[in-house]
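# Chains, contacts and geometry: an overview
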Amino acid sequence: MSSLMTAGVAGRGNLAIRRFPTLTVQTPRLDVRPLTVADADPVTDIFADKQTQRWLPFPQEFGEIEGRSWCTEMAAERRDSGMGDHYGIVRREDQQLVGCLWTKRTDWVGRVTEISYAVSPDARGLGIAPEAVDVLALALVLEHGFQRIELRVAPGNTASRRVAEKAGFTYEGLLRNAGYVHSGRVDLEVWSIVAADLR
Ligand SMILES: CC(C)(COP(=O)(O)OP(=O)(O)OC[C@H]1O[C@@H](n2cnc3c(N)ncnc32)[C@H](O)[C@@H]1OP(=O)(O)O)[C@@H](O)C(=O)NCCC(=O)NCCS
């Protein structure tokens, strides 16, 4: 399929809808790659974890995230709509899936996207999320033409705030009443890396 579909009459005012680029990135110890159906079980476990449940950016009514669907149709829908993609973080030494990253809310005109993340409880505290977020953000900016990558962090999620700091993002401010965690609506801190930061 073409990565660029156009809506409307050819010429001025066309809305370009892009399929989100399929990308794989690596660090010496991690691979970040699109999820497949084979990842369904560890993905279900990561999303079922209590801490992940507490901070997931969805209302509780959204229900449990089912790994198979997250890895297949939900990922395909997000990719095909151009809004983002669902990635696994794989530890290269033993090929274990130790975390999930996902891009969302992509604005192709502004060239902006947002990254979210969750790491398996037994792999936390090892710097996996900041390393994976950093390498994904670099690829999006340097290889795929994004100008700005955002993270949104619910106040009180100290571990997530540390990920933003360690991945080199800059704190910009607090978006009021901007989204959900499981317990209800919350303000969200916005953090960013922009293309100029990487020069
Ligand atoms: C936020 C999260 C992804 C961090 O991933 P990580 O790979 O453990 O990141 P780090 O190793 O850099 O640790 C970040 C912070 O977590 C805390 N931390 C350290 N060890 C930890 C452990 N064993 N368990 C939980 N948190 C720990 C510390 O505050 C650490 O900051 P520090 O480096 O200044 O000590 C992970 O805690 C997680 O999956 N949380 C639930 C999901 C979530 O909140 N996602 C973000 C919103 S969608």
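Residues numbered from 1 in each chain as written. Predicted model: local features only at pLDDT ≥ 70, side-chain atom pairs only at ≥ 80, totals over all residues. Heavy atoms only, no water.

## Let's talk about the packing of aromatic side chains
- Taken as a whole and assessed by the stated rule, the structure comprises eight aromatic pairs.
- Taking the centre distance of 5.6 Å and the plane angle of 65° together, the rings of Phe47 and Trp102 count as edge-to-face. With a gap of 55 residues between them, Phe47 in helix H1 (residues 40-48) and Trp102 in strand E6 (residues 96-107) connect regions that are remote in the sequence.
- The rings of Phe20, Trp108 and Phe146 are connected pair by pair, giving a single aromatic cluster.
- The lysine or arginine in question, Arg161, covers the ring of Tyr171, its NZ or CZ lying 5.4 Å from the ring centre.
- A cation over an aromatic ring shows up here: Arg185 above the ring of Tyr180, its NZ or CZ 5.0 Å from the ring centre. (Phe/Tyr/Trp six-rings, centres within 6.5 Å; stacked < 30°, edge-to-face > 60°. Helix = DSSP H or I, 4+ residues; strand = E, 2+ residues; numbered from the N terminus. Lys NZ or Arg CZ within 6 Å of the ring centre and 35° of its normal.)

## So, the confidence of the model for the chain
- For the chain, per-residue confidence averages 92 on the pLDDT scale, and residues scoring 70 or more make up 91% of the total.
- Confidence drops under a pLDDT of 50 for residues 6-11, and excluding neighbours within four residues, the segment shows seven contacts in the predicted structure. (pLDDT = per-residue confidence, 0-100. Contact = heavy atoms within 4.5 Å.)

## A look at the site of the ligand
- The full set close to the ligand counts 20 residues, and Tyr117, Val119, Gly127, Arg162 and Lys166 are the nearest of them.
- A distance of 2.5 Å is found between an oxygen atom of the ligand and a side-chain nitrogen or oxygen belonging to Arg162.
- One of the side-chain N or O atoms of Lys166 is found 2.6 Å from an oxygen atom in the ligand.
- Relative to its free-state accessible area of 900 Å², the ligand is covered by the protein chains to the extent of 73%.
- Here the ligand is seated within the largest pocket.
- When contributions to the shell around the ligand are tallied by element, the ones reaching two or more residues are helix H2 (50-55), strand E7 (112-119), helix H5 (128-142) and helix H6 (158-166).
- It is H6 that contributes the most residues to the shell around the ligand, five residues altogether.
- Residues of the shell around the ligand, tallied by class, amount to eleven nonpolar, six polar and three charged. (Near = heavy atom within 4 Å. Polar contact = N/O pair within 3.5 Å; in protein donor to acceptor, adjacent residues only side chain to side chain. Areas by Shrake-Rupley, 256 points an atom, 1.4 Å probe, with all protein chains shown as cover. 1 Å grid on protein atoms, 1.4 Å probe; cavity = no way out; pocket = protein on both sides within 12 Å on 5 of 7 lines; lining within 4 Å. Sits in = over half its atoms within 2 Å of the grid points. Nonpolar A, V, L, I, M, F, W, Y, C, P; charged D, E, K, R; others polar.)

## Here's the deal with the pairing of strand E9 (residues 170-181)
- As paired strands, E9 and strand E10 (residues 184-194) are joined by eight bridges and run antiparallel to one another. Counterpart to Val181 in the pairing with E10 is Gly184. (Pairing = 2+ DSSP bridges.)

## Let's talk about the layout of surface pockets
- The calculated volume of the largest pocket comes to roughly 780 Å³.
- If you trace the largest pocket, you find 39 residues lining it, with Trp55, Tyr117, Asn157, Ala159 and Ser160 closest to the centre.
- Looking at the lining of the largest pocket, the elements with two or more residues in it are H2, E6, E7, H5, strand E8 (148-153), H6 and E9.
- Counted by class, the lining of the largest pocket contains 21 nonpolar, ten polar and eight charged residues.
- Reported here for the second largest pocket is a volume of approximately 170 Å³.
- Forming the boundary of the second largest pocket are Pro42, Asp45, Ile46, Arg91, Gln96, Leu97, Val98, Ser120, Pro121, Asp122 and Ala123.
- If you list the elements that add at least two residues to the lining of the second largest pocket, you get H1 and E6. (Points joined across faces, edges and corners; volume = space filled by probe spheres on them.)

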